[in-house]
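# Close look at the chain arrangement
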Amino acid sequence: MQNANPNLIAVGDNCLDAYLTKSFVTVGGNALNVAVQWKRHGYNARYFGALGHDEEAGIMLREIERAGLVGNDVEILTGNSAVTLLADDAGERRFLLESLGVGADYFPKSEHYRELLQADWVHLGTNASERLVRKLVTDGVRFSVDLSTRHFDLPLDNVPLVFASGSDDPAEPAEPLVERFKRAGAREVVITCGKRGSFYDNGSELFFAGSVPVSVVDTCGAGDSFIATFLVSRFFEGQSEQTSLHRSAMRASETCTHLGGFPQEILPIPQWLLEKYDPVIRTAQRA
């Protein structure tokens, strides 16, 4: 189906990522990154999610609005915003804290849910609400969900499309994982496998495309750019399966050339954030 200006909504996770070793923070989260990528490339995109009553929310809202999204689409709830604390050990990222904050089990308020019913496509970020997945299936909404590595935590019966992370080892076939998703009820499946490439099962046939080599600065958000591009290419621009995978791989590689899941102002870690999470940092340093 071709649609020059689809109504696209990403729902769910956002996060303030604090890179302790490198002393900077970036704004991201799968659902938020997908919405920003749609917006950056000229599509009619919205982002529904939640932030807490805290200073972290101020940083994230500024970037959300700078990206062209509507800040008022984000619900401000009592509690903490999502924060991830990371350390870099010899080039390997180590997660010291992954807090979902008020975004845990996020379900949009009623007026926003009505918007989902009218959308041309809805994408749910990682750690999506089981209740939201079931409701969207029941209401016949066209949607996708990013399962990441938590492959079977959610009910997948009649879910239109799932994205998931797979092995980058060429010796490990992707077909068994694809078939497990289909047996669980997913209608279509995309598996991204890092440098190895990506697979797409459209319900009857499996397609593959390799990755696009690039000098990597940061891999954060590459998969989210892949998702944003694939959904538009395949379902609204009428591109073939193979072309959709390749275009998505190209956008993912582009994202690897800058810090963060999308181009943004890179800020130093605020002192108040270090003080707030000092017990967590000290515990991790002793480990």
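See the structure shown above.
Within each chain, residue numbers correspond to sequence positions counted from 1 in written order. pLDDT decides what is reported in this predicted model: residues at 70 or higher carry local features, side-chain atom pairs at 80 or more are listed and counted, and totals for whole chains, interfaces and linings draw on all residues regardless. The basis for every side-chain value is the complete set of heavy atoms in the structure, and neither hydrogens nor water enter the calculation.

Let us look at the environment of Glu 275. Considering the arrangement of structural elements, one finds Glu 275 in helix 8 (residues 271-276). A residue is classified by how much of its surface remains accessible, and Glu 275, at 54% relative accessible area, is exposed. Separated by 174 residues in the primary sequence, Glu 275 and Gly 101 have C-alpha atoms spaced 18 Å apart. We count a stretch as a helix when DSSP gives it H or I for four or more residues in a row; a strand needs E for two or more, and each element gets its number in order from the N terminus. Type-normalised accessible area, obtained with a 1.4 Å probe on protein chains alone, sets the label of each residue: buried when under 20%, exposed when over 50%, and partly exposed for intermediate values.

Ordered by their spatial adjacency, nine strands build an open sheet running 5-4-1-8-9-10-11-12-13, and the pairing between neighbours is mixed. The open sheet terminates on both sides in strands that have one partner only, identified here as strand 5 (74-77) and strand 13 (206-209). Each strand of the sheet is rotated relative to its neighbour by a mean of 15°, with strand direction disregarded. When DSSP finds at least two bridges between two strands, those strands are taken to pair. Here strand 8 (residues 121-124) pairs with strand 9 (residues 143-148) via three bridges, running parallel. What sits directly across from His 123, in strand 9, is Ser 144. Where helix 5 (residues 175-183) meets the sheet, its contacts fall on strand 9, strand 10 (161-165), strand 11 (188-192), strand 12 (198-201) and strand 13, and the angle it forms with strand 11 comes to roughly 145°. We call two residues in contact when some of their heavy atoms are within 4.5 Å. Interaxial angle, 0 to 180 degrees, is taken between N-to-C directions of lines fitted to C-alpha atoms, where a helix line uses only the stretch in contact. Running over the sheet, helix 7 (residues 241-255) touches strand 12 and strand 13 and is turned about 35° from strand 13.

In this section: the packing of aromatic side chains. Working definition: a ring pair exists when centres of Phe, Tyr or Trp rings (six-membered ring for Trp) sit within 6.5 Å. Plane angles under 30 degrees give stacked, over 60 give edge-to-face, the rest tilted. According to the stated counting rule, one finds ten aromatic pairs in the structure shown. The interplanar angle of 75° and the centroid separation of 4.9 Å between the aromatic rings of Tyr 200 and Phe 230 together place this pair among those described as edge-to-face. Of the two residues, Tyr 200 sits in strand 12 while Phe 230 sits in helix 6 (residues 222-235), which places them 30 residues apart along the sequence. When sorted by exposure, Tyr 200 lands in the same class as Phe 230, which is buried. Within the aromatic cluster, the residues linked to one another by ring pairs are Trp 121, Phe 163, Tyr 200, Phe 207, Phe 226, Phe 230 and Phe 235.

Helix packing for two helices is described by the angle between their axes and how far apart those axes are. At a closest axis distance of 8 Å, the pairing of helix 1 (residues 30-40) and helix 6 adopts a crossing angle of 55°. Classified by the interaxial angle, the pair formed by helix 1 and helix 6 is oblique. In terms of crossing hand, the pair formed by helix 1 and helix 6 is right-handed. Mapping the contact onto sequence places Asn 30, Asn 33, Val 34, Gln 37 and Trp 38 in helix 1 and Asp 224, Ser 225, Ile 227, Ala 228, Leu 231 and Val 232 in helix 6. Each residue is assigned to one of three groups, with Ala, Val, Leu, Ile, Met, Phe, Trp, Tyr, Cys and Pro labelled nonpolar, Asp, Glu, Lys and Arg labelled charged, and all others, Gly among them, labelled polar. Considering only residue class, the contact of helix 1 with helix 6 consists of six nonpolar, four polar and one charged. Any angle that falls under 35 degrees is termed roughly parallel, while one over 145 is termed roughly antiparallel, one within 65 to 115 roughly perpendicular, and all others oblique. Crossing handedness is defined as follows: a turn of the near helix away from the far one that is anticlockwise and smaller than a right angle gives a left-handed crossing, while the clockwise case is right-handed.

This brings us to the side chain of Asp 146. For Asp 146, the location among the structural elements is in strand 9. No salt bridge is formed by the buried Asp 146; the nearest opposite charge belongs to Arg 150, separated by 11 Å. Think of a polar contact as two N or O atoms within 3.5 Å of one another; within protein, one of them needs to be a possible hydrogen donor and the other a possible acceptor, and neighboring residues in sequence only count if both atoms come from side chains. Within the local environment of Asp 146, its side chain forms a polar contact with the side chain of Asn 30, the two groups lying 3.1 Å apart. There is a polar contact of 3.0 Å between the side chain of Asp 146 and the backbone nitrogen of Ser 148. Charge convention: Lys and Arg are scored as positive, Asp and Glu as negative, and His as well as the terminal groups of each chain are ignored. Throughout this description, the term salt bridge denotes a Lys or Arg side-chain nitrogen within 4 Å of a carboxyl oxygen of Asp or Glu.

Turning our eyes to something else, we now look at the side chain of Asp 73. Mapped onto the secondary structure, Asp 73 falls in the loop between helix 2 (55-66) and strand 5. Within polar-contact distance, the side chain of Asp 73 engages the side chain of Arg 46 at 2.8 Å. In contact with Asp 73, not counting residues within four places along its chain, are Arg 46, Tyr 47, Phe 48, Gly 49 and His 112.

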